[in-house]
Each structure stands twice: as structure tokens, then as C-alpha cells.
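Summary of structural features
Here is how the chains run, residue by residue.
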Amino acid sequence: MTKRVLVLGGGTGGFVASKALAEKAHKIGLDLEITLVTKDQYHEFQPLYADVAFGTASPDEVRAPIENMRRYGVKVVLDKVTKIDAANRKVSTAKSGDLSYDYLIVSLGVDYHWDKYPGLNKYGYHNYTLDGALELGKALSKFKGGRLAILVPEIPHRCGMYPYEAATQLAESFAKRGLNVQVTVYSPEPKPLNGLGPDISRVWQERMEKANVKFVSHKGLEEVKDKRIVFKGGEEEYDFLIKIPPSKLPEPLANSPGFRSPDPRWAPARPKDFRHPDYDDIFMVGEHSMPSAGLPTAGIPVHFAADFAVEQIMNELTGGYPVMGYAETMTCVGYFGTKGFAGTCELPFDERLGKRRLVCYTVSTSPIIRLMKEAFYKAWVASLK
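An account of the accompanying structure is given in this report. (Residues numbered from 1 in each chain as written. Predicted model: local features only at pLDDT ≥ 70, side-chain atom pairs only at ≥ 80, totals over all residues. Heavy atoms only, no water.)

Take the overall build of the protein chain next. For the protein chain, the helix and strand inventory stands at 8 helices and 25 strands. In terms of C-alpha radius of gyration, the protein chain reaches 21 Å, essentially the compact-globule figure of 21 Å for 385 residues. On the principal axes, the C-alpha backbone points of the protein chain span a range of 65 × 45 × 40 Å. Here the contacts in the protein chain between residues at least 6 apart in sequence split such that 66% fall between residues at least 24 apart. Roughly 16800 Å² of accessible area belongs to the protein chain as shown, and the carbon and sulfur atoms make up 50% of that amount. (Helix = DSSP H or I, 4+ residues; strand = E, 2+ residues; numbered from the N terminus. Rg over C-alpha atoms; globule rule 2.2 N^0.38 Å. Contact = heavy atoms within 4.5 Å. Areas by Shrake-Rupley, 256 points an atom, 1.4 Å probe, with all protein chains shown as cover.)

With that out of the way, let us pick up the state of the cysteines. What we call a disulfide is simply a covalent bond connecting the sulfur atoms of a pair of cysteines. Per the counting criterion, the structure on display carries 1 disulfide. The partner cysteine of Cys345 in its disulfide is Cys360, sulfur to sulfur 2.0 Å. Its torsion about the S-S bond being 105°, the disulfide of Cys345 and Cys360 is classed as right-handed. Remark: Cys360 occurs in strand β25 (residues 359–365) and Cys345 occurs in strand β22 (residues 339–346); sequence separation between them is 15 residues. (Disulfide = S-S within 2.5 Å.)

Tallying each qualifying case throughout the model produces 29 salt bridges. Residues Lys373 and Glu165 are paired through a salt bridge, measuring 2.9 Å at the closest nitrogen-oxygen approach. Here Lys373 is found in helix α8 (residues 367–382), whereas its partner Glu165 is found in helix α4 (residues 162–176), with 208 residues between them in sequence. Of the residues examined, Lys373 reaches a relative accessible area of 5% and is grouped as buried. When its relative accessible area of 5% is taken as the criterion, Glu165 is described as buried. Linking Glu235 and Arg228 is a salt bridge whose minimum nitrogen-to-oxygen distance equals 2.7 Å. (Salt bridge = Lys/Arg side-chain N within 4 Å of Asp/Glu carboxyl O. Buried < 20%, exposed > 50% of the residue type's maximum accessible area, 1.4 Å probe, protein only.)

Time to look at the layout of surface pockets. The space that makes up the second largest pocket amounts to roughly 220 Å³. Contributing to the lining of the second largest pocket are 13 residues, with Phe54, Gln169, Leu170, Ser173 and Arg177 lying nearest its centre. At the level of secondary structure, the elements contributing two or more residues to the lining of the second largest pocket comprise α3 (130–142) and α4. Among the elements that line the lining of the second largest pocket, the one with the most residues is α4, at 4 residues. (1 Å grid on protein atoms, 1.4 Å probe; cavity = no way out; pocket = protein on both sides within 12 Å on 5 of 7 lines; lining within 4 Å. Points joined across faces, edges and corners; volume = space filled by probe spheres on them.)

Let us look at the packing of aromatic side chains. For the structure shown, the criterion picks out 20 aromatic pairs. Between Tyr112 and Tyr128 the ring centres are 5.7 Å apart and the planes differ by 85°, which places this aromatic pair in the edge-to-face class. In this pair, Tyr112 is assigned in strand β10 (residues 111–112) and Tyr128 in the loop between β10 and α3, connecting sequence segments 16 residues apart. Just as Tyr112 is buried, Tyr128 falls in that class too. What links up through ring pairs into an aromatic cluster is the set Phe15, Phe45, Phe376, Tyr377 and Trp380. The aromatic ring of Trp114 is capped on one face by Lys243, whose charged end is 5.0 Å from the ring centroid. Above the face of the Tyr335 ring, Arg370 is positioned so that its terminal group lies 4.1 Å from the ring centre. (Phe/Tyr/Trp six-rings, centres within 6.5 Å; stacked < 30°, edge-to-face > 60°. Lys NZ or Arg CZ within 6 Å of the ring centre and 35° of its normal.)

Inspection of the sheet shows strand β6 (residues 81–85) paired to strand β7 (residues 90–93) by 4 bridges, in the antiparallel sense. Its bridge partner being in β7, Asp85 is matched across the sheet by Lys90. Taking the residues between adjacent antiparallel strands as the criterion, β6 and β7 are bridged by 4 residues, where Arg89 takes a positive phi near 50°. (Pairing = 2+ DSSP bridges.)

With that out of the way, let us pick up helix α1 (residues 12–28). Owing to its 3.6 residues per turn, the α-helix aligns residues three or four sequence positions apart on the same side. Between its first and last C-alpha, α1 extends 25 Å over 17 residues, near the 24 Å set by a 1.5 Å rise per residue. Here α1 has its buried residues at Gly13, Gly14, Phe15, Val16, Ala17, Ser18, Ala20, Leu21, Ala22 and Ala25. At its buried positions, α1 is contacted by β1 (3–8), β2 (32–38), β3 (42–44), β9 (103–106), α7 (299–318) and α8. One or two steps after α1, the chain reaches Gly29, where phi turns positive at roughly 70°. (Expected span 1.5 Å × (residues − 1).)

Here helix α5 (residues 198–210) spans 18 Å end to end across 13 residues, near enough to the 18 Å set by a 1.5 Å rise per residue. Buried residues of α5: Ile200, Ser201, Val203, Trp204, Arg207 and Met208, and no others. Along the axis of α5, the buried residues cluster in a sector spanning 165°; they form a single face. Along α5, exposed side chains directed more than 90 degrees from the buried face belong to Pro198, Glu209 and Lys210. Close packing links the buried residues of α5 with α4, β12 (181–187), β13 (214–217), β21 (329–336), β22 and β25. (Arc of directions from axis to C-beta.)

Shape descriptors only; they carry no functional weight alone.
Written out as C-alpha cells, the structure reads:
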């Protein structure tokens, strides 16, 4: 009898889960119907948005038509998910009606809560959408100097390393162009990348100091105004503002009973296996659930969570497919100014504490890491062209 797996979201988690399931099922002749539901026409590799803004990638290099997933044997439904009825194994959509499933993989990312703080939506630029990246790029090309602020209203946020990648890249680029620009990162973190431990934080602090990037730890954002940022306890002035969006639970999850954690920004997930706490047939592998699992809101944890979900589904359907488990180490790469950064985190699951322990350290800072990151990211998109 055909088993139905419904995958919600066409980003990293949805792409990885759908493709892996289809390939593994085909290899062993498993009768599996995989349906990917997304409102977006394109699979966009969002870590490359910054490259678009900074002029090292074109829009065509960061996206591919999501309907190309059909080549792997995945059904694609271009529609908006509106609600999940977990008790009855149904997902409601805007145009296609209700879709039933035997297993559900939820990877809807996060929404951006630009209206959470007064003025945040009105002032400044960002590259958290492709249109935003193009707008930021145009504005940066006209900027001739002054105070450039990178504002982090709250943590965790999508891709914790990004503000520091952007700050060091921009500072080094401005210096080479002979422009007088003071780049400052404003964040509620006590130190840069404090959540990844003292080693990674130290390395990034040293890089920022070398690039003349200032770091200011704020006590909470209150309001953004034209040329001014109002924090609890003080104000700061800027000439150019790059802003990081606060995270918000995606609307389909916010509208569905049982899909909101005590912290309303996030959806629930069991830290050990990423299943919904109340439903074993639902896997919560999007960024919306990473904080509930004790992990950063970034693509690498999502990628491994999607892989782990696939292994568990295959095991249950076949009765013997090997489950390798969630990766106990993961390496992230980033732009370290004009060079590259590679760091590794060990994250074994602690049965006594019921969560993962996160121990991170720097592996390398080298120009070759930057080339590796660019090549991997662009190849990812090219594989779907």
C-alpha cells in the first residue's frame, strides 16, 4: 500500500527531505508518494542573498524553479499552507483543499517580524529577501562614508554569524576603496557570537578589531528613527543602517493548535529526534523549531534534521533501514572579512539533561574556505537547474 509523505516548505529542509526520500525509496523499490507543498515558485538559497547585496553573485545564481523537484519523482504543489490538523492527519491549503498524509515533515522557516519595534520596518536596509538584497546593493553603491550600523534587535535570529560576516566584509571593502566608514554592530549579545563559545567569539572579536569594526552590546531595542537608534538606556546615531529581522512563527503554525512553543516565536520539537511532542508522525525540521531542539537557527542544523527525519521514516516503513542519527558534529563556514572561516560544533545528546550540549571551536581561517563556501552554495542551486 502506498505511503504518503507530505513535506511543507521549499527551502533547505524541504529540499533535502524530499530529494533524499525520493532517492532512497527509488533505490530499494519502496512505494512512497512524496508531495512538496510550497507557496514559492523558486527554491532560493538564502545564504547567498548577502553575496547578491555585496556584488559577488547574481539573482540567477541563488535560485532555481522548485518544480524541477519533479525530476526526482517528487510531486510539487505550488500553494500556501494555511493550517495543520495533526489529529486527523490533514493539511489545509489556500487553493488545493485538504491534503492527507501518513508522515508530515514541516520545514517552513521563519517569518520576519519587522513591525515588532517602532520604525524597524521603515528605516534601513536588509538582505533577508532577494528584493531586499538588490535594494541594499544599490544603496551601498551610493554610500560615500560615515557611520554604518548593523542592528541586531534580538537573538536568536536567522544565521547568527551573518552580522559579523557582513561587518568585516564591508569594513575591509570600504577601506580598500579609500572610504572613511565606521562599521558598528549593535547586538544584545554580550560578545560577538557569544552563544558559540569563547573560542569562536575570541577569533571573531580579533578579526573585527583588525578591521576596525566596533561592537556594542545593547540592553534592548526600543525604536528606530531616521539617523538614530533608541535603545533602553541610550541612543546611537547612524548614516546607513543594515537591519536584522526579529523572528516570527510562520502563520500556518501560528494558526494550528499545538504548534506554538511557550516562547511564541518558535514551534515545538523533541530535542532528540525532531518529532512533534504529541505526534510521532510529524517531524519539525525547520528553523522555526531549532531553538526548541537546542540548536541555532541556521541552514546546517536544518539540513541534518531533515536527513535524520528521512532516516527515521525509512526505518519505520522498511523495518530495517539504518538510522545514523543526528550528526554529533557539524562544521559551518562563513566569510571572515575577505577571507573564510570554518568552525566546528560538537553537539552530543545528553540523556540526563534531555538536550544537546554545544561545544564549538575554530578550525581554520583561510581564503580557501571562502572559495569552498562560494563553490558549495552555487553548486547547490545549480543542481536544481
